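Chain and residue survey
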Amino acid sequence: MTPAALAELVHSIATAVLAERGLAPAVLPETVTIERPRNPEHGDYATNLALQVGKKVGMAPRELATALAERLADADGVEAAEVAGPGFLNLRLAADAQAEVVRQVLTAGDTYGTGHALDGVSINLEFVSANPTGPIHLGGTRWAAVGDALGRILAAQGAKVTREYYFNDAGAQIDRFVSSLVAAAKGEPAPEDGYAGGYVSDIAAEVLRAEPDALSLPEAERDDVFRRAGVQLMFDEIKRSLHDFGTDFDVFFHEDSLHLSGAVESALEHLKLSDSVYYAEGAWWIRSTDFGDDKDRVVIKSDGAPAYIAADIAYLKDKRERGFDLCLFMLGADHHGYIGRLKAAAASLGDNPDVAEVLIGQMVNLVSEGKPVRMSKRAGTVITMEDLVEAVGVDAARYELTRYSVDSPVDIDLDLLRKHTNENPVFYVQYAHARLASLQRNAAELGLVTPGPDEIDLGLLDHPREGDLIRTIGEFGKVIARAAELREPHRIARYLEELASAYHKFYDAARVLPQGDEQPDALTFARLALCEAARQVIANGLSLLGVSAPERM
RNA sequence: GCCCUCGUAGCUCAGUGGAUAGAGCACCGCCCUCCGGAGGCGGGUGUCGCAGGUUCGAAUCCUGCCGAGGGCGCCA
């Protein structure tokens, strides 16, 4: 019996108990909370239902709990039900009922744990979107890891997810990038507000290789060559880094295209007819203060040119016209001011502001010898996605960046990177998987085959460590659902660590394969099935994070 | 000044109303005739930033304060 099934059982029994006393079952929560008590004496599962509703219906919580316990104790699969403390209901399940999840995992395979909360919902997930004026830095790398994982998690709940990267290739920063390329090509130092990294001269050299005469062209044409070729090379490099990092986008959207197609202009014309904007002091303003912004923002400047936010509005409109129900934006903490603006943008299009949901994540900091290091191109302390991958590998990098809540800033320690450290919990999880894969190989050598879902005597899995492992496996679906609902991929990583721990403890206490002259028995096969289920769930979880599940390490 | 996020063990962090607040790292012991020791077991540390409030019950929700980071352009 899974926790979800148990919750339903408790719910139906509670409904009956209340009805018998002429009380309205409407006071019951839709889904009964079933939790795993820390203290093993409190049973396999516990519910606080009687505490929650007792008072509402005028019953003492303990009295209600007692009534529930009597019925539950008689239910199939429930071994014991007792009332504790102020009205907790502690439940102990029969081994075979509890181990039912093992059968479910083996049947569902790599779909085990998926849900339907977002069935049919079309989601646009925009993340990274770093300016194409340089390689992806640590900040962008964090979003690449977290955003990609979130996309997988949302998809596991049934959503149709489109990953999108927005290239801001229309503004002044591109002009500065181009003039930096030209300067580098001429062998001159970077302009005052330009870009000076080594990649600039690399790209400049490549442009020259393709267009050897570029520098002798008239200024406008020359800039045009560097813009076209240079920006393209930068795009390519960014895309390649992301791909090597295991993050692939469905759409790379160019801001430029919004201006060229007239989308910005038409969005603005449309906007002027709405109540969301007004004309003042020679400019057009959007009422972003309605959505928590500090002040209203200019959308059309007094010189008639669209402000940056105008493109954002046109972009959101474009997304909605492409049929997305929900547009998610993952932004760094330095962009939290965008929340109000994007909500206002949605409202100005006549949409519910909730269709634009902004996820704010804290920054990634560099630390060396315990002290913060400012990223500086000139000082050579800019760490790129490629640097990080080179230092620790894709799996460790992705895992490390995903296992923390995005609400907390991440410090990347330069010294640890240099040490190529193995002190990353990803290895703990991956090791568990490799160990399980090894077990399957050993079993195969002995001619033992993991039994099919219906040939397992699940009642034999009654060791406490087996119970812990089984219950942990049973949590997976809830963990994914919660991670999707709260947009918090780190929950998957934390869960995997818990699962790996439960497995290691089980494996230490319980022998699986026969030794010496022993013959395999029903317990051998039951444990083999449990191991395969554990392996499957670890693999499924790692896959949600875009981290590999190695057969060997 | 206003807005956002954070403040939990020596360090890095989990824990968005439940029972005695957890894990990893670090430190000290112990455990391989045996399926991978990248493992397991034991040892201890907490004014959950502070002060109020809400309630059967608060690290969690509300208010104020303190501290850290970030943001507040007709830049993009």
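Scoring rules and cut-offs
- Residues numbered from 1 in each chain as written.
- Chains lettered and ligands numbered in written order.
- Predicted model: local features only at pLDDT ≥ 70, side-chain atom pairs only at ≥ 80, totals over all residues.
- Heavy atoms only, no water.
- Helix = DSSP H or I, 4+ residues; strand = E, 2+ residues; numbered from the N terminus.
- Buried < 20%, exposed > 50% of the residue type's maximum accessible area, 1.4 Å probe, protein only.
- Contact = heavy atoms within 4.5 Å.
- Phe/Tyr/Trp six-rings, centres within 6.5 Å; stacked < 30°, edge-to-face > 60°.
- Lys NZ or Arg CZ within 6 Å of the ring centre and 35° of its normal.
- Pairing = 2+ DSSP bridges.
- Axes fitted to C-alpha atoms, helices over the stretch in contact; angles between N-to-C directions.
- Parallel < 35°, antiparallel > 145°, perpendicular 65-115°, else oblique.
- Left-handed = near helix turned anticlockwise from the far one by under 90°.
- Nonpolar A, V, L, I, M, F, W, Y, C, P; charged D, E, K, R; others polar.

Turning our attention to the overall build of chain A. The secondary structure content of chain A amounts to 20 helices and 14 strands. Its C-alpha atoms give chain A principal-axis dimensions of roughly 90 × 65 × 40 Å. Buried positions account for 50% of the 553 residues belonging to chain A. Partitioning the contacts of chain A with sequence separation of at least 6, the portion at a separation of at least 24 is 73%.

Tracing the backbone through its elements, the reader meets Lys239 in helix H9 (residues 219-244). Using a relative accessible area of 29% as the deciding quantity, one classes Lys239 as partly exposed. Distance from Lys239 to Ala155, taken between C-alpha atoms, is 22 Å for residues 84 residues apart in sequence. Beyond its immediate chain neighbours, meaning those up to four positions away, Lys239 contacts Phe167 and Phe252.

Overall, the coordinates contain 15 aromatic pairs when judged by the stated rule. Between Phe249 and Phe252, the ring centres sit 5.5 Å apart and the planes meet at 50 degrees, which makes this aromatic pair tilted. Here the aromatic cluster, defined as three or more aromatic residues joined through ring pairs, consists of Phe127, Tyr165, Phe167, Phe235, Phe249 and Phe252. Between Lys239 and the ring centre of Phe252, over which it is positioned, the NZ or CZ distance is 4.8 Å. Taking NZ or CZ as reference, Arg403 lies 5.4 Å from the ring centre of Tyr404, over its face.

On to the sheet that holds strand E12 (residues 364-368), then. Spatial ordering of the open sheet is given by E13-E12-E14, a layout of 3 strands whose pairing is mixed. The two strands at the open ends of the sheet, each matched to only one other strand, are strand E13 (371-373) and strand E14 (410-413). Between one strand axis and the next, the sheet turns through 50 degrees on average, direction left out of account. On top of the sheet, helix H6 (residues 138-156) reaches E12 and E14; it is set at about 125 degrees to E12, its chief contact.

Moving on to the environment of Gly393. Note that Gly393 resides in the loop between helix H14 (385-392) and helix H15 (394-402). A C-alpha to C-alpha distance of 9.1 Å links Gly393 and Phe245, two positions 148 residues apart in sequence.

Turning our eyes to something else, we now look at the packing of helix H19 (residues 490-509) against helix H20 (residues 522-545). Relative orientation of the contacting elements H19 and H20 amounts to 160 degrees, with a least axis distance of 10 Å. When the axis of H19 is compared with that of H20, the two are roughly antiparallel. Here the hand of the crossing between H19 and H20 comes out left-handed. Along its contact with H19, which presents Ile492, Ala493, Tyr495, Leu496, Leu499 and Phe506, the element H20 presents Arg527, Leu530, Cys531, Ala534, Val537, Ile538, Gly541, Leu542, Leu544 and Leu545. When the residues that make up the contact of H19 with H20 are grouped by side-chain class, the tally is 14 nonpolar, 1 polar and 1 charged.

These results come straight from atomic positions and should not be treated as a statement about function.
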